[in-house]
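Secondary and tertiary structure notes
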Amino acid sequence: MDDTMQARVAAARRSLAALRAALDDATLALARRCSPQRRLGGKRLDDEQVAAFELAWAAADLLAAETAVGLLGPASSELDTRLALLFAVDAGAAVVGRLETLQLELDLPPGLLEPVRGDPAWNALRQAAAGSAALDAAGRAVAAAQGEVGVVALDEPHALAQDAFRRFSAEVVAPQAEAIHRENLTVPESLLQPLREMGVFGLSVPEQYGGSAPDDHEDALLMVLVTEALSEGSLAAAGSLITRPEILTRALLAGGTREQQAHWLPKLAAGDPLCAIAITEPDHGSDVAGLTLRATRVPGGWKLQGAKTWCTFAGKAGVLMVVARTDPDRSLGHRGLSLLLVEKPAFDGHDFVVRQDGGGLLGGRAIPTIGYRGMHSFDLSFEGFFVPDSHLVGGEAGLGQGFYYTMAGMVGGRMQTAARACGVMRAALRAAIRYSEDRKVFGQALVEFPLTRAKLARMGARLAACRQLACEVARRVDGGEGRMEASLVKLLACRSAEMVTREALQLHGGMGYAEESAVSRYFVDARVLSIFEGAEETLALKVVARSLLERALGAAPTAA
Ligand SMILES: Cc1cc2nc3c(=O)[nH]c(=O)nc-3n(C[C@H](O)[C@H](O)[C@H](O)COP(=O)(O)OP(=O)(O)OC[C@H]3O[C@@H](n4cnc5c(N)ncnc54)[C@H](O)[C@@H]3O)c2cc1C
């Protein structure tokens with residue numbers, strides 16, 4: 001990195017530090033408004049949703065910018081440096097905008113943003129990093145690198161895994177992805193079987209149970225790399241296959257009896273049976289505490305009665321993790337929920353019915369969707385469906401613990417979803433580069449126009465920042481931290497995937513809107529990412545903003 005770049009990096013660090021100070025002030029002001037007695041009130045927080053949402057987004061943008069710039073060193077490549085600075089000034093400008101909203105909402109002092117907005121160095125940096133000349137240079141570099149951006153230093157095992165899964169994704173997944181999407185097929189055994197052999201279903205299962213995770217800590221980084229690589233080939237037919245076993249594995253590790261762990265974990269690791277997760281109901285999605293599907297005690301087990309919806313892969317799965325209300329007292333909220341494992345035959349189609357000898361019935365119907373095809377997401381109806389006692393996770397001790405066991409898998413699920421978003425972005429960026437190099441408009445290649453290169457630069461900067469943040473947070477998770485940050489990177493990467501796939505489709509012109517272009521699939525697939533594994537609003541308000549406010553209150557002097 002030359003002296004000029006080093007000076008810009010130093011200026012970026014100073015501006016981001018000033019923004020961090022302003023964000024901390026705004027966070028504390030909102031925390032105080034929402035907690036008159038130093039305890040955060042849910043109703044107060046709801047009254048301030050507009051401000052809380054801005055705060056969560058500002059935190060996500062700022063952390064990503066700090067991470068991107070923080071990773072730069074004297075040996076960083078020109079591409080990495082340009083993209084980190086570009087993301088930092090774009091995200092910094094977005095943070096300034098959000099802080100202005102907070103300033104108005106919370107009556108914060110007018111000088112809050114002056115250390116950034118009034119700083120000539122900040123404006124000079126914006127011109128240097130995101131002016132037209134800088135965008136042009138960054139766009140050229142992104143195209144020359146064929147979208148290979150946000151490279152993260154990895155040890156040998158992780159680097160080898162990334163290479164192997166990227167190769168598999170390009171050679172085996174991608175060629176099948178279009179047909180699965182356009183013909184709404186079920187993920188075929190020609191994908192599932194090699195993935196079983198590569199051990200993907202056992203990535204979160206400890207080695208002692210036949211998986212590949214270390215027995216004493218998580219390997220979220222490996223999960224992120226594998227998920228990203230598979231999602232580049234197909235979000236729905238490959239990249240999302242690991243999410244379900246991870247959630248069930250973590251629930252079993254958190255609360256399963258020894259017998260349940262010994263019985264189920266090796267099977268899950270082998271991908272035989274495949275599994276699905278049934279939490280959402282027609283009337284309850286984000287507010288899990290309100291779930292109503294009833295499990296009633298009968299001799300030898302439980303009978304399930306009620307509906308679930310959006311249960312992805314329920315047809316092909318041989319076991320469903322069902323969150324059910326085992327205590328009829330609705331006032332218990334999430335404390336009345338337990339987990340039951342429902343075994344069923346695997347089906348390939350879009351509808352299925354399972355009838356039990358005693359009259360129990362489980363029906364499933366795939367919901368037609370605009371994208372994310374391959375696993376199919378099912379409406380399920382349980383009518384007196386019997387589940388034996390042995391399938392209550394945790395046995396008697398697991399009664400009322402279903403919510404907590406489910407939450408044990410949520411950090412991993414969110415990390416994976418951030419990684420899924422990165423994989424889709426990578427595919428979209430690389431497709432956009434190829435197309436803009438090939439496509440001639442007004443007598444020259446599309447990529448030769450400055451606006452195209454500016455778009456490629458911003459897409460590359462966003463992807464690089466998201467994947468670097470995902471890997472950094474994964475490392476924190478592996479060290480036993482980073483719970484809130486996992487939500488934060490999920491938030492940012494999923495919205496970023498919408499932005500990047502939108503630009504990639506736009507660069508394809510009319511061809512982008514044709515089903516035959518893979519980029520149209522990336523666009524519709526990306527749209528789901530902000531909905532599941534914590535809908536954007538719920539995640540921003542109830543996880544990110546709430547944690548930030550609690551931290552701010554915890555750190556504030558008590559006399560305040
Ligand atoms: C393709 C797909 C696959 C899925 N797979 C699964 C699966 O395998 N298993 C499973 O259990 N579920 C699955 N889901 C369901 C998913 O988790 C839910 O859709 C999600 O939790 C949101 O719930 P909901 O759809 O009921 O929306 P709602 O909870 O009704 O929310 C509607 C809107 O309101 C917002 N909102 C919610 N609460 C608040 C609030 N307090 N303040 C302000 N805004 C709020 C939400 O963010 C959202 O924008 C899947 C969904 C899709 C689309």
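Look up: the structure comes first, before these words.
All values reported here derive from a predicted model rather than from experimental measurement. (Residues numbered from 1 in each chain as written. Predicted model: local features only at pLDDT ≥ 70, side-chain atom pairs only at ≥ 80, totals over all residues. Heavy atoms only, no water.)

1. Focus on the packing of helix H8 (residues 156-182) against helix H9 (residues 189-197)
Helix-helix packing is described using two parameters, namely the angle between the two axes and the distance between the axes. Here is the rule: Here, axes are lines fitted to C-alpha atoms. For helices the fit covers the stretch in contact, and angles between N-to-C directions go from 0 to 180 degrees. Secondary structure elements are taken from DSSP: a helix is a run of H or I of four residues or more, a strand is a run of E of two residues or more, and numbering for both begins at the N terminus. Angles are sorted into four bins: roughly parallel if under 35 degrees, roughly antiparallel if over 145, roughly perpendicular if 65 to 115, and oblique for all others. Take the far helix as your reference; a near helix turned counterclockwise from it by less than a right angle gives a left-handed crossing, and one turned clockwise gives a right-handed crossing. Should any heavy atoms of two residues lie within 4.5 Å, those residues are considered in contact. The nonpolar class holds Ala, Val, Leu, Ile, Met, Phe, Trp, Tyr, Cys and Pro. Asp, Glu, Lys and Arg form the charged class, and all remaining residues, Gly among them, are polar.
Between H8 and H9, whose axes approach to 10 Å, the crossing angle comes to 160 degrees. Relative to H9, H8 is oriented roughly antiparallel. Like other packed secondary-structure pairs, H8 and H9 cross with a definite hand, here left-handed. Between H8 and H9, the residues in contact are Phe165, Phe168, Val172, Val173, Gln176 and Ile180 and Ser190, Leu191, Pro194 and Leu195, respectively. Split by residue class, the contact of H8 with H9 holds 8 nonpolar, 2 polar and no charged.

2. Observations regarding the side chain of Arg453
Short version of the rule: Three exposure classes are used, based on accessible area relative to the maximum for each residue type with a 1.4 Å probe and protein chains only: buried under 20%, partly exposed in between, and exposed over 50%. Within 3.5 Å is the distance limit for a polar contact, defined as a pair of N or O atoms, with the added protein rule that one can donate a hydrogen and the other accept it, and that residues adjacent in sequence qualify only through two side-chain atoms.
Positionally, Arg453 belongs in helix H16 (residues 450-478). Residue Arg453 is classed as buried on the basis of its relative accessible area of 6%. A distance of 2.7 Å separates the side chain of Arg453 from the side chain of Asp136, its partner in a polar contact. Beyond its immediate stretch of four places on either side in the chain, Arg453 contacts Leu135, Asp136, Gly139, Arg140, Val447 and Glu448.

3. Points about the side chain of Ser234
Its place among the elements puts Ser234 in the loop between helix H10 (220-233) and helix H11 (235-239). A relative accessible area of 3% means that Ser234 is categorised as buried.

4. So, the pairing of strand S2 (residues 294-298)
Let me state the cut-off plainly: For two strands to be treated as a pair, DSSP must find no fewer than two bridges joining them.
Pairing geometry for S2 and strand S3 (residues 301-312), over 5 bridges, is antiparallel. Pairing of Arg297 across the sheet is with Trp302, part of S3. Hairpin connection between S2 and S3: a loop of 2 residues separates the two successive antiparallel strands, and Gly300 in this loop has a positive phi of roughly 80 degrees.

5. A closer look at helix H7 (residues 132-144)
Test applied: Here the expected span of a helix is defined as 1.5 Å times the quantity of residues minus one.
An ideal rise of 1.5 Å per residue puts 18 Å on 13 residues; H7 measures up with 18 Å between its terminal C-alpha atoms. Buried within H7 we find Ala134, Leu135, Asp136, Ala138, Gly139, Val142 and Ala143. Tucked into the core, H7 has its buried residues touching helix H4 (78-106), helix H6 (120-130), helix H15 (410-438) and H16. One or two steps after H7, the chain reaches Gln146, where phi turns positive at roughly 55 degrees.

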